[in-house]
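Listed below are the residues making up each chain.
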Amino acid sequence: MSVKGPEVKVRFNIDRGGTFTDVYAEVLSPTGEVDYRVLKLLSEDPGNYENAPREAIRRILNDVAQTNLGPKDKIPTRNIEWIRMGTTVATNALLERNAAETNEKYKGNLPPPRRVALVTTKGFGDLLTIGNQSRPNIFDLTVAKPELLFDKDHVIEVDERVFLRTDISPEEAQNSGNPNLYVRNGEVIEVKPLPAKDSDEYNALVSALKKPLESGVTSVAIVFLHSYCFPDHEDKVKEICMDLGYSYVSASSRLTCGVKAVARGHTSTVDAFLTPYLEAYIKGFKSGFDDSIDTVDVSFMKSDGGLCPVSNFTGFVSILSGPAGGVVGYSQTTIGEGEEALPVVGFDMGGTSTDVSRVEGKNYPYIQETELDGVFIQATQLDINTIAAGGGSVLYFKQGYMDVGPDSVGSDPGPVCYGKGSQQLAITDANFLLGRIVPKYFPFELDKEAVVNKFEEMRANILSAQPENKLSLEEVAHGFLHIANAKMSEAIKKVTEARGYDVTKHVLSVFGGAGPQHACAIARSLGIQHLVVNRFSSLLSAYGLGLADEKEEIQVPCRVGFMYEPKFFAEIEDGLNKLSETIHERLQKRNFSGDRVEIQRILNMRYNGTDTILSIPKPENGKYEESFEAEYFREFGFKMPGNPIVVESLKVVGYGKSPHISAQAIPKSLSAEVTPEEFSKCYFSNLGWVDVPVFVLSKLAAGDKIVGPALIIDPKYFMTIVLDPECTALVDDTGNIHIHVPKLDKKKEEDSIVNRSLYIHRFMSIAEQMGVVLQRTAKSVNIKERLDFSCALFSHNGGLVANAPHLPVHLGAMAHAVKYQIETCLDWSKGEVILANHPGSGGSHLPDFTVITPVYYEGENTDPVFVGEHQVDLKKPIFYVASRAHHADIGGLTPGSMPPFSKTLVEEGAATKCLKIMKNGVFQTEAVQEFLQSPAVESKKLTGVSVAGARFPQDNIADLKAQIAANKRGIDLVLELIKTNGLGHVLKTMTEVQHAAEMAVRAKLKQVAKERLKDKEYLEAVDWMDDGLQVKLKVQIDKETGDAVFDFTGTSPEFYGNLNAPEAVTSSAVIYSLRCLVADNIPLNDGCMLPVKIIIPKGSFLSPSDTAGVVGGNVLTSQRVTDVILTAFGAQACSQGCMNNFTFGGDGCPSYYETIAGGNGAGPTWNGTDATQCHMTNTRITDPEILERRFPVVLEEFSIRRGSGGKGKFNGGNGVTRRVKFLRKMTFSILSERRSLAPRGYAGGEDGQKGLNLWIRNPGTPEERIIHFGSKNSTVASPGDVFVIATPGGGGYGQQ
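Calculation notes
- Residues numbered from 1 in each chain as written.
- Predicted model: local features only at pLDDT ≥ 70, side-chain atom pairs only at ≥ 80, totals over all residues.
- Heavy atoms only, no water.
- Helix = DSSP H or I, 4+ residues; strand = E, 2+ residues; numbered from the N terminus.
- Rg over C-alpha atoms; globule rule 2.2 N^0.38 Å.
- Buried < 20%, exposed > 50% of the residue type's maximum accessible area, 1.4 Å probe, protein only.
- Contact = heavy atoms within 4.5 Å.
- Expected span 1.5 Å × (residues − 1).
- Core = buried A, V, L, I, M, F, W, Y, C linked by side-chain atoms within 4.5 Å.
- Salt bridge = Lys/Arg side-chain N within 4 Å of Asp/Glu carboxyl O.

Draft legend 1. Looking closely at the overall build of the protein. Across its full length, the protein carries 26 helices and 55 strands. Against the globule reference of 34 Å for 1296 residues, the protein gives a C-alpha radius of gyration of 31 Å, in line with a compact fold. Seen through its principal axes, the protein has C-alpha atoms that stretch 95 × 85 × 65 Å. Looking at the 1296 residues of the protein, the share that counts as buried comes to 62%. Intrachain contacts of the protein at a sequence separation of at least 6 include 71% that bridge at least 24 residues.

See the structure below:
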């Protein structure tokens, strides 16, 4: 029955998305009857209304409260019980960077975000610009980065500082009489105070703060180093800014107390950028109501899945406001009870992207930090994995394979079928062509002729490239759907299998406009047998708002060295009690008390020496340690017995239990069979075209059962459920659709072009998932935070199949290591794992440990299997998996194992060509420990002088076990692929994928030959190292075949030093350069190198002897080789040309290693990028606060070295300046280049500036000495000494 009348109360739940605004309104009568209304509006329709959520409220009130409100009338609030909203308006503004006041899109009811000024600690004005210094896409020579959120012209540095004083106890600090010593959360800090009020320095600060305001900037973001433990300075500067008249000031320490200045600073800029925008939007929304709107319960969904009052809704908590409602919605409506309470995977497929998440029980998955479009956001938010695959994702055929996304056609012009002139096919077009969208039920006319014509063009392109593939239009369209489904399935695996969960033991909850079209196929491919499509699938984010609770949380960091030990238990309990009291007080102010308040006490914990933090709610037995170790073992597969557990922070979450909307029952079915509305033709790969029954969702009754193939359509909200053959749908009491998906039977082999395209993603996914496991299970900062590792899959003969794009210097190089083991390790057997790092066995430099594991066939196969004409020996490995990771210390002359002065290999640390670190599945601890200490013995034998073995062998062993675990993940995925598709099929497709890469590289080389060779016989280039070593290259290209010869004849002989580079390094430089030149996203495998022959003179410093030092070859010479290759092709001016390898440690200090960004070279159409990693590396830099908390150093400056880039028609990028102060005696080393010879410009562009290394002894005293440290050096620093690294700029391109 319909509930109406002037006395009704309405609960409005509104999801304001980028394209549509969805509304679920629960209507309550005075006598207790409950009804509902749903509505979907365009979010932007200025010709009909100013504000979509307000318009929806007006329309529903006119219906249920029998008002007669016009579009311009003020809306009375007497019938409104609550308004709950989720919104993506802030997210979209962030992604589109709509900060310009003149942006046409935002004229009207959506004002643009305001410009933001940034206030930060002196020496760190560029910190947020540099970020983690990595490149978003390692193969993009332009290094395109998202626009910053703050105005670079309005960055104000303040002469203040907070120093961590771990050398002083809290008692000593309190009794010291020093007014600048403080104890915060048990941590001793020393503060350099802000300028005193009315002093010249203070007046200068105020004057600097006024300037942005005078130029129209109205928002300020403040981030001072270590403000998480000392927010006082941020508070004072915020007060000054508010007094000056800024409309909004965001202090980072008041948003989040998390350590990491970059993430906290970005969070503050996001908040300052978006909050004024949200405030204006909310003000505009509320302006259309009567004066009582402020008494109405208006709340917004936060990124963490909790509601907050509208007054508390700010920019940094709004990023996932829209998707969060969907997570709450599916988790509250899908999870069953008892045995049926399987964990649920949420699958939300929209127009441009798909969101995937996982919920178990009532516990939502949270993360504390995420990256969105180049911005790091530090806030509690639901763990939602977003991929660029939606209904509007573009369909491509290029370089011999098919692909979907990441680009989208958007809503305007939209897919081709919309008839708005789009020239790009999308997933929606494929579904339309295959009959999965029935035009009769679509809200506007669809253009079938345009879709058919475009698919004919696509088919013709495929046939011209692959004449043997006689594909029909339907097979082309279905192939694209298969590829899209594979990508979305991989996203689901990342939130399940990659974290230790069995994906088959989940329910798949499907929502979003496009999700139900793909759900059965995706569930079937994953082995999921139960999926649920909510009755309100197309507006589940709105529905979920009605099931949410209000949420408050507080988190406070613990001091350095705060362990989970009995002596700290009372302090932990006291801290949690105080936080709980504060949460109670906050919720009580919002009228939550008694049993309406639920408190959760959490310890954020990690093993000492690692960075992986797990949030552990208080267990029933109160033993946090047991819960932590159990969770760590479940996720990573091992524990660290005896390793202390650090309590990183205390956290308390409070829930204000709010009223919820109630599910509305639908009528029971009165018939054993369901009568379809009609029949429509639909295409399925195993059936072809069939007439399938079409059902309308709103006409189905509880208990109705439908057997596929069939279509279930909700025409009101443009949603179609494609019920695949043999799948069965059952309607429950509230109208949700439960679908049983039978187990996957082996299907016929796909046509080769589709199959090849699928396997490109499948092979790459194996390497990527290996990388996920390695990063999560490793102990060292190098792997976990700096991401200095790579993972790859290899064929039975050692040819590269897929290399995840982690580090360029590892690309292709590992194949040399794998092939060496195949050729020399004759007694390899199952259960064995090999470690190799020697340059003579395919290594790069010694700290890069390569762990190789064979994959043996486990099936029964009596038929011979061939790869080409070669029969595969099934008793030998059929594949190999390998992981290469940089270990921070493996012994040698200096801590960090990057000795500047090494002349021979033995001086650089432990080396092995082949060491079995696992036999019969057992880790060989003694053999590994002996190997790690071998430098001391071997160096004594060879030189008479003993060097150190590995200084922290326990860390090496932990990381080696992580590499083994990563390889194990790769093996499982390979065997799963073979089990599903057959060994012969997998191997055949592998060769086709490699052939596709070969053809792509050949095509590019032919193009280069045509454009650049012309009358010349070859391309050539030459450059020199600072020591005078010459890298000489000639490139000959056959214009007909695309074969190329890279000839390094004329390169200098082996060097008596460590700049020698193994041949594998040069191979990596070549494959990286070729991949950059081929702008399309081609598969990266052995095929890329088949057209290429590399000639390297034996005995040159690019092909040295087994005993030559090589530590600098991998990190320095590799960069010069790359510069020479790109110069020969005229692709780019020289970049900084080194990695600026900086290490320190010793005397009880753990070893630390970093590579430092510089300037990228300009190109023919672009300026070089400032302050990023260049070419052969892409490792991240440690956050300043993490650095200072873990090591006895102070980072005094990290800034862009302005003016260091070469001038030209296009300017080279600038390098950076990094100043490190040592607090203890320790050894430090630098291994760098471009200190004598500048990075060269191209085509008349000027050179970039050379780098510079300075050692400042006794700074600020009469004994101060500034010492030029050269490019490669090492010494022992005294406490207080400072080391300055100024990295080179990139060369300019073209004359000004």
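Draft legend 2. Helix α12 (residues 473–495), seen in detail. With 23 residues, α12 should cover 33 Å at 1.5 Å per step; its first-to-last C-alpha distance of 34 Å lies within 8% of that length. With 18 of its 23 residues buried, α12 lies for the most part within the structure.

Draft legend 3. Broad picture of unusual backbone geometry. The amide bond that connects G405 to the next residue, P406, takes the cis arrangement and shows omega of 5°. With respect to the helices, strands and loops of the structure, P406 is situated in strand β20 (residues 401–408). Between G708 and the following residue, P709, the backbone shows a cis peptide bond with an omega angle of 10°. Phi is positive for N920, which is not a glycine, with a value near 50°. Secondary-structure assignment places N920 in the loop between β41 (915–919) and β42 (922–923). Of note, R1234 is a non-glycine position whose phi angle comes to about 60°, a positive value. Its place among the elements puts R1234 in the loop between β51 (1226–1231) and β52 (1252–1257).

Draft legend 4. A look at the nonpolar core. If you look at the biggest cluster of nonpolar residues, it comprises 90 residues, and the most contacted ones within it are F12, I57, I83, F1142, F1144 and F1222. Broken down by element, the residue count for this core peaks at 12 residues, all from helix α8 (residues 261–286). Beyond its immediate stretch of four places on either side in the chain, F1142 contacts Y1152, Y1153, E1154, I1156, V1220, F1222, F1228, S1229, I1230, F1283 and I1285.

Draft legend 5. Representation of the pattern of salt bridges. Counted under the stated rule, the structure contains 66 salt bridges. The closest approach of N and O atoms between D574 and K578, which form a salt bridge, is 3.4 Å. Taken together, the residues span about one helical turn, with D574 and K578 both in helix α15 (residues 566–588) at a distance of 4 residues. By relative accessible area, which is 38% here, D574 ends up partly exposed.

By themselves, these observations are geometric and do not establish any function.
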